[in-house]
Amino acid sequence: MKSFLLTILLLSGSLSTLFSQNLLRGPYLQSPTENSVVIKWRTSSNTNSKVLFGTDSSNLLQSVVLNNNTTEHTIKLTNLAPSTLYYYSVGNSITEFTIPSAQYHFRTNPVPGTPIPTRVWAIGDFGKGNSEQVAVKNSYMNFDDSAKTDVWIWLGDNVYNDGKDEEYQTKLFELNGFSDVFHWLPFWPSPGNHDYNTIWQQSTFLGVPYTNIDFNDHEGPYYDLVHVPTEAEAGGYPSQYELFYSFDYGDVHFLSLNSEVYDFTQTFDGINQMKAWIEQDLSQNNRTFTIAYFHQPPYSKGSHDSDDLYEQVMKAMREKVVPLLESYDIDLVICGHSHVFERSKLIHGHYGYSDTYDPLTMLKDGSNGNYGQGNAYMKDGLSTTPDGTVYVVCGNSGSKEDAPALNHPIMEFVDGGSEACGSFILDIYRNRLDGKYLHMNGSVLDEFTILKTNLTFTIPDIFVCEGEQISVEPIITGGSDSLTYVWSLNGETTSSVIVGTQNAGTNQLIITDMLTGQQVTQTFSVFVATSLSIQVSGDTLFAQGTSGTYQWYLNGNPIFGATNPYLIANSSGSYTVGSAGGSCISSAVFIDINSADTPKGNSVVVIYPNPAGEEIYISLPPQYIGKAFQLYNSEGVVVKKGRFSADNNSVWLTDLSSGAYNLRISGLKKSFRFVKN
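Here the structure is a predicted model, which means the values were calculated and not measured. (Residues numbered from 1 in each chain as written. Predicted model: local features only at pLDDT ≥ 70, side-chain atom pairs only at ≥ 80, totals over all residues. Heavy atoms only, no water.)

The strand order S33-S34-S37 describes an open sheet built from 3 strands, whose pairing is antiparallel. The sheet is open, and its two edges are formed by strand S33 (533-537) and strand S37 (566-568), each paired on a single side. Between one strand axis and the next, the sheet turns by 25° as a mean value, whatever way the strands run. One ladder, built from 3 bridges, connects strand S34 (residues 540-544) with S37; its direction is antiparallel. What sits directly across from Thr-540, in S37, is Ile-568. (Pairing = 2+ DSSP bridges. Helix = DSSP H or I, 4+ residues; strand = E, 2+ residues; numbered from the N terminus. Axes fitted to C-alpha atoms, helices over the stretch in contact; angles between N-to-C directions.)

In structure tokens:
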């Protein structure tokens, strides 16, 4: 009885602990992909972890439970559908800490490479817990379409002054007017020098690490709260560390770099390790736009001057990292650190102090980049050609500088002063990138556009039957949605995309991208093919008729790689054949490979076609490979001989006259008759 009462008391205490839980942080979202997301939260005492989720906020049917008791909870949801809205709640096995509602939701990413409209919101040096931080956030939330934000990036110095856990708590996760965004918008962070003050408490000088610490020893509140991909879970190349990483969203590739791996002794070990990864990452990147972001900018004349002698990190990023990024023709670099907003012209090759900037050799486009004024920056879409990069400093999303110089010669637009706080917005779709500087008062003070002339297309050769007409569809990559087509069929210009036998020969299509003005011309050929039929010998099928290329079908579905004039049936079903362009489809024949009447494995000698034209095909069992053969005319004279080298062979008949012939194979008494037309 005493044992039973003790059990009841212990259980009651355990239940009391579970029910008395307080949610101290979050929930917040990390590392979204097309099929997964990480959800994190903090509780006041140890408990297990549970997430309920589903596509209906009133009916969360799926769940994940982790039984290791902790106050720091991390659950990864997997096997999700791409581009899908999910709702969730967090709790433990006894109770839920959040009530399922519209505010607790996330949307999975699209499949990487998908050209989809993408909204990016960037903030830097924001975590001061002040009214400006809230005003910047609210100005963005009141901005057009902010509820559909896809990527939220942090540019470092995410809290002040020292990156302590309690600072992240009070100035981010508990800050009234700011904290509500964490429940539905994942963030992709990069660290700044203030975030690093608790990582290397004894080894900083003027905010610059002066000891070369192993990457595995970068530990502290910043790395405790983030959960970023280290194994290329979200795209890119594995970095192995949370210090820097990459990810894809749609057709955009992002690199989150770490300027704080610099060491004051200038061994550059950390930067060189990061550069080695950047090289691997960018060498396999094929997204239309590529964006890098990190904390300390290569160029600024704000609260930090990139020309100052003690700004060694800014100098190192400019001299060591920027040339590598530009060697892959990166489109945009976004940084914080300097408490102003600065946006450059389109430049390439400037790696020194500001007085070494030479616009004659380094300026790719000196306009303001404003699309509405006809000044969009143009790039060709090839990573191998140096078309230029735009550099943005947005270190004023909560911080500011009273009287900055703001006179760096590469800059096209600047904003600084006691009222100059804001954030940076990107809207990207297909071959267009639009950047905007949004002031905390809700005004867009600067905007620019990058366009890419990356339109390409192909048209495969087309085969049509007599009297047939086929709709032609070019295979298009790149370009915008505003394309115009001009077809030239047999020398006549038309808007038609229908071709027939009257268009046999060489034709032309010109596609113009109305957004960029790029014009691409391709020629294509139309061939006339005769109607096809199928000759069957056992489980071997032969296409009868003339076509340049072939495509075999099983039950109406194309058989991958089946483009020869013959096919050995491996499955029972209805077979047809047509030209590779999809025309001249034959009547269907049914093959039952399990039938006793169907010889297996091409066990007979078959001559195809019969009657033959300029060529015959000879299909034979494997045991006859290497055997000699002879062709006899009707008078018994040998007119051609040779040796079989495979189980399917071709013999040209162009030197033979029309008539009947016999094929004899060494070792076989039987001969095989065919006719040449």
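Of the positions making up helix H2 (residues 131-141), those classed as buried are Glu-132, Gln-133, Val-134, Val-136, Lys-137, Ser-139 and Tyr-140. On its buried side, H2 packs onto strand S6 (118-123), helix H3 (165-173), strand S21 (422-429) and strand S22 (432-439). (Buried < 20%, exposed > 50% of the residue type's maximum accessible area, 1.4 Å probe, protein only. Contact = heavy atoms within 4.5 Å.)

On to the pattern of salt bridges, then. Under the counting rule described, the total for this entry stands at 19 salt bridges. The shortest N-O distance in the salt bridge between Glu-132 and Lys-400 comes to 2.7 Å. In this pair, Glu-132 sits in helix H2 while Lys-400 sits in the loop between strand S19 (390-394) and strand S20 (411-415), placing the two residues 268 residues apart along the sequence. For the salt bridge of Asp-331 with Lys-379, the shortest nitrogen-to-oxygen distance reads 2.7 Å. Of the two residues, Asp-331 sits in the loop between helix H6 (312-327) and strand S14 (332-335) while Lys-379 sits in strand S18 (residues 377-379), which places them 48 residues apart along the sequence. Owing to a relative accessible area of 1%, Asp-331 belongs among the buried residues under this scheme. Lys-379 gets classed as buried once you look at its relative accessible area, which sits at 2%. One network of salt bridges, in which partners are shared, links Arg-25, Arg-42, Glu-72 and Asp-165. (Salt bridge = Lys/Arg side-chain N within 4 Å of Asp/Glu carboxyl O.)

Our next topic: the sheet that holds strand S35 (residues 550-554). Ordered by their spatial adjacency, 4 strands build an open sheet running S36-S35-S38-S39, and the pairing between neighbours is antiparallel. This sheet does not close on itself; its edge strands, each paired only once, are strand S36 (557-558) and strand S39 (589-591). Pairing geometry for S35 and S36, over 2 bridges, is antiparallel. Each residue of the ladder has a partner; that of Leu-554, found in S36, is Asn-557.

Turning our eyes to something else, we now look at unusual backbone geometry. In this structure, Pro-27 follows Gly-26 across a cis peptide bond, with omega equal to 5°. Looking at the secondary structure, you find Pro-27 in strand S1 (residues 23-30). Backbone geometry places Ser-83, a non-glycine residue, at a positive phi of 50°. Checked against the element boundaries, Ser-83 lands in the loop between strand S3 (62-77) and strand S4 (85-91). Classification of Ser-83 by relative accessible area gives partly exposed; the value is 37%. In this model, Phe-268 sits at a positive phi of 60°, which is unusual for a non-glycine residue. Relative to the elements of secondary structure, Phe-268 occurs in the loop between strand S12 (252-256) and helix H5 (269-283). You can call Phe-268 buried: its relative accessible area is 18%.

Turning to the pairing of S35, a few remarks are in order. Among the 5 residues that make up S35, 5 are buried, leaving the element largely enclosed by the rest of the structure. On S35, burial covers both faces: Tyr-550, Trp-552 and Leu-554 on one face and Gln-551 and Tyr-553 on the other are all buried. Pairing of S35 with strand S38 (residues 573-579), which is carried by 5 bridges, proceeds in the antiparallel orientation. Residue pairing across strands places Gln-551 opposite Gly-578, the latter belonging to S38.

For the rest of this paragraph, the subject is the nonpolar core. Core analysis: the biggest nonpolar cluster contains 94 residues, and Trp-152, Leu-257, Ile-278, Leu-325, Ile-334 and Phe-424 have the highest contact counts within it. It is H6 that contributes the most residues to this core, 7 residues altogether. With residues up to four places along the chain from it excluded, the contact list for Ile-334 reads Ile-153, Leu-155, Ile-291, Ala-292, Tyr-293, Phe-294, Val-392, Phe-424 and Leu-426. Listed in part, the 23 residues of the second largest apolar core include Leu-532, Leu-541, Ala-543 and Ala-562. (Core = buried A, V, L, I, M, F, W, Y, C linked by side-chain atoms within 4.5 Å.)

A few words on the packing of aromatic side chains. Per the stated rule, a full pass over the model turns up 38 aromatic pairs. A ring pair is formed by Tyr-86 and Phe-106, whose centres lie 5.5 Å apart and whose planes are at 15°; its orientation type is stacked. Separated by 20 residues along the polypeptide, Tyr-86 in strand S4 and Phe-106 in strand S5 (residues 105-107) bring together distant segments of the chain. Residue classification places Tyr-86 among the buried residues on the basis of a relative accessible area of 5%. With relative accessibility at 2%, the residue Phe-106 sits in the buried group. Ring plane angle 20° and centroid distance 4.7 Å describe the contact between Phe-629 and Phe-644, whose orientation is recorded as stacked. (Phe/Tyr/Trp six-rings, centres within 6.5 Å; stacked < 30°, edge-to-face > 60°.)

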